[in-house]
Amino acid sequence: MAHCPFDFFTDGKKHTICLVGGGGKTTVMYELAAMWAACGRRVLVLTSTHILCPADGRFAADAAAVHNLWQQRRYAVIGTPEFATGKLTAPPQDLYEALQLQADVILCEADGSKHHPCKAPAAHEPVLLPDSDIVLAVVGMDALGCPLAQACQRPQLAAALLGCSLDSVIDEQMLVALLLSEQGARKNVGTRGFFIVLNKCDLISAAQQEEMLRLLVSAGIDGRRIWLRERGE
């Protein structure tokens, strides 16, 4: 299993983390959840939008089921099932509020991208939890070299933000702009901690990885807040 480089993973504090952006948020969220659970932390996973209901027995319909999973050192996923789609939406508020006080770590997928590696948020996005203290922005490196219209969710919004056309080929500067703009992945972050996952780094060259890091660090992002993650870690 991959090593999470972020300092919040080992600081022993309680965190509520919202994941935004594109390029594999759900995979990253479950990976972090499994890592924390293996360390004995009580991990609660949910969405404020939509996620697929897990088929591995980690969906918990009530508080008792959550505690049973925690006792097994497993993370628990809560939500409201949509039986027509097989997806979960936000959990009942009373269930979340009761478990919120007992969890050590809460992970929430707070944005949707319809499997696009990058995105620009609409007016109603993202749906950050009010109590969250960390926002984790995820972007898929497979966006590089692709037309904006193909690889980006809400490409018209992204084109307006970037000042380019829908036919523009996505490069490192464009991805960094989407990540760091307050109309992009930093939307509504405010005073929350902001961290970045450059996902699927095995699909790009070492030079492209270095250029992404250089641009992010030059813009003021602490390098320790950037995770270069490969598929299958």
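Right above here is the structure, for reference.
Report follows, based on the coordinates. (Residues numbered from 1 in each chain as written. Predicted model: local features only at pLDDT ≥ 70, side-chain atom pairs only at ≥ 80, totals over all residues. Heavy atoms only, no water.)

## A word on the pairing of strand β2 (residues 43-47)
- Across the 5 residues that make up β2, a large majority, 5, are buried.
- Side chains V43, V45 and T47 of β2 all project onto a buried face; the interleaved residues L44 and L46 project onto the opposite face, where all are buried too.
- Relative to strand β7 (residues 105-109), β2 runs parallel, the two sharing 5 bridges. Within the sheet, the bridge partner assigned to V45 lies in β7 and is L107. (Buried < 20%, exposed > 50% of the residue type's maximum accessible area, 1.4 Å probe, protein only. Helix = DSSP H or I, 4+ residues; strand = E, 2+ residues; numbered from the N terminus. Pairing = 2+ DSSP bridges.)

## Observations regarding the sheet that holds strand β3 (residues 51-52)
- Strand order across the open sheet formed by 3 strands is β3-β6-β5, with antiparallel pairing between neighbours. Two strands close off the open sheet at either side, each with one partner strand: β3 and β5 (80-82).
- Here β5 pairs with strand β6 (residues 87-89) via 3 bridges, running antiparallel. Of the residues in β6, the one forming a bridge with P81 is L88.

## Focus on the packing of aromatic side chains
- By the definition in use, this model includes 7 aromatic pairs.
- Centre to centre, the rings of F6 and W227 are 5.9 Å apart; their planes meet at 90°, and the pair counts as edge-to-face. With a gap of 221 residues between them, F6 in the segment before β1 (15-21) and W227 in strand β12 (residues 226-228) connect regions that are remote in the sequence. This pair shows no difference in class: F6 is buried, exactly as W227 is. (Phe/Tyr/Trp six-rings, centres within 6.5 Å; stacked < 30°, edge-to-face > 60°.)

## As for helix α5 (residues 155-162)
- Buried residues of α5: P155, A158 and A159, and no others. When α5 is viewed along its axis, its buried side chains cluster within an angular range of 100° and face the same direction. Counted as exposed and oriented over 90 degrees from the buried face of α5: Q156 and A160.
- Those residues of α5 that are buried lie in contact with α4 (148-151), β10 (152-153) and α6 (172-180). (Arc of directions from axis to C-beta. Contact = heavy atoms within 4.5 Å.)

## A short note on the nonpolar core
- In this structure, L179 and L198 are the most contacted members of the largest nonpolar core, which totals 52 residues.
- Looking at which element gives the most residues to this core, the answer is α6, with 6 residues.
- Residues in contact with L198, not counting those within four places in the same chain, are V139, M141, L179, M212, L216, I226, W227, L228 and R229.
- Judged by nonpolar contacts, the second largest core, of 28 residues, contains Y30, V43, L107 and L136. (Core = buried A, V, L, I, M, F, W, Y, C linked by side-chain atoms within 4.5 Å.)

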